[in-house]
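# Chains, contacts and geometry: an overview
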Amino acid sequence: MVATSRASGTTDTLEALAASREVLVTCGSGGVGKTTTAAAIAAMAAVHLGGKVLVVTVDPARRLATAMGIERFGNAETPIPPEAFAAVGVEPRGELSAAMLDTKASWDDLVARHAPDAATRDAILANPLYENISGRFVQSHDYIAMERLYDIHSSGRYDLIVVDTPPTRNAIDFLAAPERMADFFSSRLLRWLTAPYQSRVFTVASKPFMNVADRILGSQFLADIAEFFMLFQTMHDGFVERARAVQALLSERRTSFVVVSTLEAAPVAETTYFIDALADDQLHLGAIVLNKVLPAYLRSTNATHAARALTDRAEELAPGLGDVTEGLDAGPDDIARVLHEVADRFLDFQVVAKREAELRKDLADHADALATVPYLSDDIGDLGGLLEMGGHIWR
Amino acid sequence: MSQKTADPVELLDRRLLFVTGKGGVGKTTVAAGLALRAASMGKRTLVGEIDAKGDLATFLEVGPLAFEERRVQENLYAMCMQTEESLKEYLRLQLKVPLLARIGPLARTFDFVASAAPGVKEILTVGKFCYEVRERNYDLVVVDASASGHVVSQLAAPQAINELVQVGLVRNQTTWMLDILGDPSLTGAVIVATPQEMPVTETIELRDRLAAETDVEIAAIVVNRVLPELFTDSEEAIFERFATDEGTAALADALDDSVTPLFDGARLAVTLRRTQARHLARLRRELDDSVGVLYLPELFTRAHGVRVTRLVADALGEELD
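Calculation rules
Residues numbered from 1 in each chain as written. Chains lettered and ligands numbered in written order. Predicted model: local features only at pLDDT ≥ 70, side-chain atom pairs only at ≥ 80, totals over all residues. Helix = DSSP H or I, 4+ residues; strand = E, 2+ residues; numbered from the N terminus. Buried ≥ 20, exposed ≤ 12 C-beta atoms within 10 Å, placed from the backbone. Contact = placed C-beta atoms within 7 Å. Arc of directions from axis to C-beta. Pairing = 2+ DSSP bridges. Axes fitted to C-alpha atoms, helices over the stretch in contact; angles between N-to-C directions. Parallel < 35°, antiparallel > 145°, perpendicular 65-115°, else oblique. Nonpolar A, V, L, I, M, F, W, Y, C, P; charged D, E, K, R; others polar. pLDDT = per-residue confidence, 0-100. Core = buried A, V, L, I, M, F, W, Y, C linked by C-beta atoms within 7 Å.

Here we take up the overall build of chain A. If you tally the helices and strands in chain A, you get 17 helices and eight strands. Every one of the 395 residues in chain A was classed for burial, and the buried ones make up 47%. Summarising the internal contacts of chain A: among those between residues at least 6 apart in sequence, 78% fall at separations of at least 24.

In C-alpha cells form, the structure reads like this:
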C-alpha cells in the first residue's frame, strides 16, 4: 500500500521544486538513470534558475564528466567551464559544478576533522580495520554520502545541491545511516569490546562475550578492533552531534527527494516501497521522474487494428504495392515479409507500452510532480543531451 | 588472480554460481532461470537471494522466502539470505559455540558485531552458500548476488578477513571458503548485462575487478533483453521506401487504415536495435573470446512471474545446448 505524501501541493513542476529547495536527493533502484537525472536537474537549474548549483554523484561516471565538458571530476568540487555550455549554444544564468563521492577520501576528511589531535588521527588512518570500514565495506557508503552532503551544504557555497544516492538495494538504508552511526557510537557493546583494553579488570557483563569473541576472532584481531573503537570514541561527541545534524537537514523543508524509476515491474516495486519509506520518515517526496518511457502512439487502439489488418492482408496487398519499391530488387514476397515484420514489431512494443501504462497508474498522485522522459534512442553524450532530457521533465 | 582452466567447465556443471551485474539488468530473472533450467535437467538445485527484496519469490511465484530453504518444485529449492539466521547457523554448525553464548550478548547485538568486525556480514552471506557446496547438499547452488559494486566486497571478504585475522576459528573457516571460491571447477560468477552503454561498461569493469580482487572465475556473461534484428539489408531498403510519406500513403490507401504509428514503431525498433548492436560489438571486442557469452531475447510478453522465468530458462537452455 502506498501512502500519499502530497504534503504541500505548492510545487507541481521540477522547476518549481528546484527553485524552492536547497537540497534535492535523487533515489531509486539501479539502472533507472538516477545519476543522469540528477545531472540533468542540476544543469537545468544552473541554466534557467541561476545561482550556484552542485551535483554530487556516487559513480565514477567518466562519461558523465565528459558530457559536462570536463575531463574527470573527483572528490573535490569541479566547476563546469562556460565553454561547455557555449559549445551547445547555451548561456547559463548561473554556475554548475560537479563532485564525485569518493568514500575513502571522505572518511579520511571526516577523521581529520573530528580527531582531537594529529596522533589520534594518524593512528586511526593507519588502523587495518579503518581501511576496511572506510574503503571496502558496503554500509559505510550510505553514511558518508549524507555526511558529505551536510558538509557541503553547511559551507554555504551553493544555492542548490543535487545529490545522487548510492544504488543501495535496500533503498532507505542511507536515510537511517546517520541515526545508526549515532547509535553505534553510543552502544553498550562498544564499551564491552573495548573494556578489557581500557582496564585490567573485566567487567562481569563483558567477560562471557569476550571469551566467545576471542575464540571466534582471535585475540590479535580483537585488539585491532578495540584499538580502532577506542580511537574512534575520542571522536564520539563530534560524530554523534554531526549525525544528528545530517538527519535534521534531510527532514527539513529545504530538502526534497526525487524518486527516479523506469516503468518496469521491479523498479516500480522499489519506487512504491520508497514512497512509503519517505512518508514514514516524514521526508518530502518532491517529484517522481519516470525515465525511458515508450511513446504514447504505441498504445493506440486504432493502430492495433491497422497492425492486425496488415498482418492478415500483407500477402494480398503486396503485389499491388510494387510502385513503392520501384528500382529495388524486391518481389511481392519480400514486400509482404517487411510489412509483416513492421506489424509484428508494433504489436510487440505495444505489449510493453501497455504494461508501462498500467505501472504508471500505480505511481501517479504520490508526488507533487510526476515527470516523464521519453525513450531517448541513445545514452546522453554531452551537456546538450542532459539539457534535452532536463527539458522533458522541467515544466 | 583467477586461473584459466584448459578445459572450460560447462556452466551448469559447476556447483556454485554467483549471478551479478549492474542494477536493473535482470539478475534475479537470470538466476531464477538458470536454477529452473538446472532443476529441469534433474540437478538438485538451490537458488538463494542475497538482498531480501522478495524479487526471487516473485519470479518463482512462491510466497515469501525465508532463510530455511523450501521446495519450490521438483529438484528446486529456494531461500533468501538473512545474516542473523546465518550467524546462528554458523555458530552452531561451524564454530560449535554453546547455546548459552548464542543467546547471550552475541545474538542480541548482532548488528553491532556485523558492523564492528567488517566483513562478518559478507562472510556469513558467502559462507552459507559455500557451506551448502562443501556439504554436497545440492548439485548446484545459484546465488542471486548483489549488484556490481557490492558483489566484489562480498566475494573478496573471505580473503580480507583471512588477512586481518591471523588465528582463531574464523581464520580456519575462511580458508576452506577460499578453497571453494577459488576452484573454477566448483565456483563461477555469471555477469548479467543488457546491450546498453552503462551495463556494458560495468560488465567490463566488474570482470577486471573480480580478476584483480577475488579468486572467483567468470563462468559466463549473459546479455539479457537483446532486441531481434528486424531486417536484412535488402529488406531494410524496402522498409525505407514504405517509411517515406508516399510509401506510407500508398499502403494506407491499400489497407484503408492509417499505418503511420506502425512505421514510427518499427523505426523506433530499428533505432534501438542499432544502438544495441553497437554496445554488443563493444562488449565482444572487450571480452575477446575470453569468456562465453549467452544471449537472451527481449521478451515481449505481458506476463511476469514464473512464466517469464520459464521463458528465460528455455532461452538459456537453447543457448547452452
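Here we take up the overall build of chain B. A tally of helices and strands in chain B yields 14 helices and eight strands. Nonlocal contacts in chain B, meaning residues at least 24 apart in sequence, comprise 73% of its contacts between residues at least 6 apart.

Looking now at helix H12 (residues 245-255) of chain B. Those residues of H12(B) that fall on the buried side of the exposure criterion are B:Gly247, B:Leu251 and B:Leu255. Seen from one end, H12(B) has its buried residues packed into an arc of 60°, which puts them on one side. In H12(B), the exposed positions angled more than 90 degrees off the buried face are occupied by B:Asp245 and B:Glu246. Where H12(B) is buried, its residues touch helix H15 (301-317) of chain A together with helix H11 (233-243) of chain B.

On to the environment of A:Val324, then. Within the fold, A:Val324 resides in the loop between H15 and helix H16 (332-363). Residues A:Val324 and A:Ile335, eleven residues apart in the sequence, show an inter-C-alpha distance of 9.7 Å. Those residues in contact with A:Val324, other than ones at most four positions away along the chain, are B:Arg241, B:Phe242, B:Gly247 and B:Ala250.

Now for the sheet that holds strand E4 (residues 76-80) of chain B. The pairing of strands in a sheet happens through backbone hydrogen bonds and is either parallel or antiparallel. All names here are of chain B. A sheet is described by the order of its strands in space; here eight strands give the open sequence E3-E4-E2-E5-E1-E6-E7-E8, paired in mixed fashion. Taken across any chain shown, the strands that pair with only one partner, and hence form the sheet edges, are strand E3 (70-73) and strand E8 (293-297). Taking the axes of each pair of neighbouring strands and ignoring which way they run, one obtains an average angle of 25° across the sheet. Sheet topology places E3 next to E4; three bridges connect them, and they run antiparallel. In the sheet register, Arg71 faces E4, and the bridge partner there is Tyr77.

Take the packing of H16(A) against helix H13 (residues 260-287) of chain B next. In a packed pair of helices, the relevant descriptors are the angle between the two axes and the axis-to-axis distance. Where H16(A) meets H13(B), the closest approach of the two axes is 8 Å, and the angle between their N-to-C directions is 80°. Judged by the angle between their axes, H16(A) and H13(B) are roughly perpendicular. Taken together, the residues of H13(B) that come into contact with H16(A) (itself represented by A:Val342, A:Ala343, A:Arg345, A:Phe346 and A:Phe349) are B:Leu262, B:Phe263, B:Gly265, B:Ala266, B:Leu268 and B:Ala269. Within the contact of H16(A) with H13(B), the residues separate by chemical class into nine nonpolar, one polar and one charged.

Residue and element names in this part refer to chain B. For E4, a buried count of five out of five residues is recorded, marking the element as mostly surrounded by other parts of the structure. Residues Leu76, Ala78 and Cys80 of E4 are buried on one face, and the alternating residues Tyr77 and Met79, pointing to the opposite face, are buried as well. Strand direction decides the pairing type here: strand E2 (residues 45-49) and E4, joined by five bridges, are parallel. Paired with Val47 across the two strands is Ala78, which belongs to E4. Between E3 and E4, which pair antiparallel and follow one another directly, the connecting turn spans two residues, one of which, Asn75, has a positive phi of 70°.

Before going further, it helps to examine the environment of A:Ile144. Residues and elements named next belong to chain A. Here Ile144 is to be found in helix H8 (residues 139-155). The exposure class assigned to Ile144 is buried, which follows from the 26 C-beta atoms found within 10 Å. As a C-alpha pair, Ile144 and Leu328 span 184 residues in sequence and 63 Å in three-dimensional space. With sequence-adjacent residues up to four places away left out, Ile144 is seen in contact with Thr103, Ser106 and Trp107.

Detailed reading of predicted coordinates is not advised where the pLDDT is low. Overall, the prediction assigns chain B a mean pLDDT of 86, with 88% of residues at 70 or greater. The model gives residues 1-7 of chain B a pLDDT under 50, and that stretch makes ten contacts with residues more than four places away or in other chains.

The next thing to look at is the nonpolar core. Counting residues in hydrophobic clusters, the biggest one holds 91 residues, and the most contacted among them are A:Ile41, A:Ala42 and A:Ala43. The element contributing the most residues to this core is helix H2 (residues 34-49) of chain A, with ten residues. In terms of nonpolar packing, the next biggest core, distinct from the first, is built from 81 residues, B:Met81, B:Val141, B:Val151 and B:Val152 among them.

On to the sheet that holds strand E8 (residues 369-374) of chain A. All names here are of chain A. In space, the eight strands of this open sheet follow the order E3-E4-E2-E5-E1-E6-E7-E8, with mixed pairing throughout. Edge strands, defined here as strands with exactly one partner in the open sheet, are strand E3 (78-79) and E8. For strand E1 (residues 23-27) and strand E5 (residues 160-164), the ladder comprises four bridges, and the chain directions are parallel. For Leu24, the partnering residue across the bridge sits in E5 and is Val162.

Residue and element names in this part refer to chain B. Backbone geometry at Glu61 places phi at a positive 50°, although glycine is not the residue there. Note on Glu61: 12 C-beta atoms within 10 Å, which makes it exposed. With a phi close to 60°, Asp289 is a non-glycine residue in the positive phi region. Looking at where Asp289 falls in the secondary structure, it is placed in the loop between H13 and E8.

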